[in-house]
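Structural overview for review
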Amino acid sequence: MSRQLASHNDDIRRLIEKGFAVSEDSNYLIVRDIPYLDANLELATGAFVATLVAIDEHRVRQDDHQVWFAGGVPHGLDAKPIPNLGGGPCSLHLGPAASDIVVERRFSNKPLVAQRFADFFEKIESYTNIIAGPAMERYGASPYTFRLSDEAAKDPIFKFRDTLTSRGELTDLITCFDDEVVAVIGLGGTGSYVLDFMVKTPVAEIRAFDADRFHVHNAFRSPGHVDPSEFDKTKAEVSLARYSNFRYGLSAKPTYIDGSSEDELSGVTFAFVCVDKGAARAEIFRALVERKIPFIDVGMGLKRKDQGLGGMVRVTYFPSEHSEEVMRKSHAPLQDDPEDLYRARVQIGELNALNAALAVMRYKQLRGFYKDASDWENLLFDTTDLKSVGVSTRED
């Protein structure tokens, strides 16, 4: 990892060449072997941690002038805490490759004149001089150990750097998606947006299913760039071509899901049902319920009124232990409404995106990424007054 970074980033190359113990974990730059003096003027060793912000596939930059520090309070030769470091006690969750790094505080020290560091080399050099200087003078200790940690494992999910997780300090939260195998059944209007959102979620595997073909009207209510060569290909084929360069663990099959879909559903831990036909929905429900797979069904119903279209956007959650009970409440229609304008292919991409966003947010609540204060099983959003109402699983 560090050698790959160095080959594309001159400031990191200079850190390595000077002898800093540079490595990377969870899109943080880590510099180990930083000597400092503790409160008893004893020699101690810490590490700097700084956020990597991706410019492109290979180049990175710093986010600001601050660094995290894995270690105690650094002291000067006078046995007093080093002044003007700012920041304070804090914690930061890193990945398994940095299990030896326990962040205890954050420092904030700007250059007096420029008020910002030019690059990582200038930042690490500055903090090293301030924090390690007393230990270097008293004990002859050196931060230049020329130690490079083992190469970090390739990201098993994304083909690009997931720098938003590190910048948001959410490394501990995303573990809730470990080992998740998510099925997206139906890649029409709402399903295509669900897939778009889930592709960027660090679940282990995504399986998408739809045997229908991609036509012009689909282009008006699906995300992303449209290539005319996509028309009349299966939606599964189009989706795989659009997203296969973004992540690993993605498959898309031109098939329908029903009771015979044993191989397709084997190992699935959660499913999104995104179909607009009641009969197809009923068959999919039965296949998921029989296999005890929890799922979310999406849908909407629109009718033309005096002053425009109006209706409801719906998201329904079927927990594996209570799926039959939720089905009996008839939140999701299992037959078609002939007056439903949604199926007349009106251009309502924003409602498809909203429907998908609500569904994915609910899934992330269920997995613990978002806080869940309502525990609802059915949510309706009224397009006429932009209000929503939910039915909680705790309600009779």
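Residues numbered from 1 in each chain as written. Predicted model: local features only at pLDDT ≥ 70, side-chain atom pairs only at ≥ 80, totals over all residues. Heavy atoms only, no water.

A separate point is the pattern of salt bridges. This model, assessed by the stated rule, comprises 20 salt bridges. Put simply, arginine 14 and aspartate 119 hold a salt bridge, and the shortest N to O gap is 3.8 Å. Here arginine 14, found in helix α2 (residues 10-18), pairs with aspartate 119, found in the loop between β8 (105-108) and α3 (120-139); they are 105 residues apart in sequence, far enough to count as distant. Taking relative accessible area as the criterion, arginine 14 reaches 32% and is therefore assigned partly exposed. In this structure, a network of salt bridges that share partners links the residues Asp10, Arg13 and Glu17. (Salt bridge = Lys/Arg side-chain N within 4 Å of Asp/Glu carboxyl O. Helix = DSSP H or I, 4+ residues; strand = E, 2+ residues; numbered from the N terminus. Buried < 20%, exposed > 50% of the residue type's maximum accessible area, 1.4 Å probe, protein only.)

Taken together, the buried positions of helix α7 (residues 235-243) are occupied by Lys235, Ala236, Val238, Ser239, Arg242 and Tyr243. Projected onto a plane normal to the axis of α7, the buried residues spread over an arc of 160° and lie on a single side. Its buried side turned inward, α7 meets α5 (189-199), α6 (216-219) and β11 (250-253). (Arc of directions from axis to C-beta. Contact = heavy atoms within 4.5 Å.)

Okay, the domain arrangement of the protein chain next. With domains assigned, the protein chain is organised as domain 1 (1-154) and domain 2 (170-391). Here the C-alpha centre of domain 2 lies 44 Å away from the C-alpha centre of domain 1. (Domains from an automatic or database assignment.)

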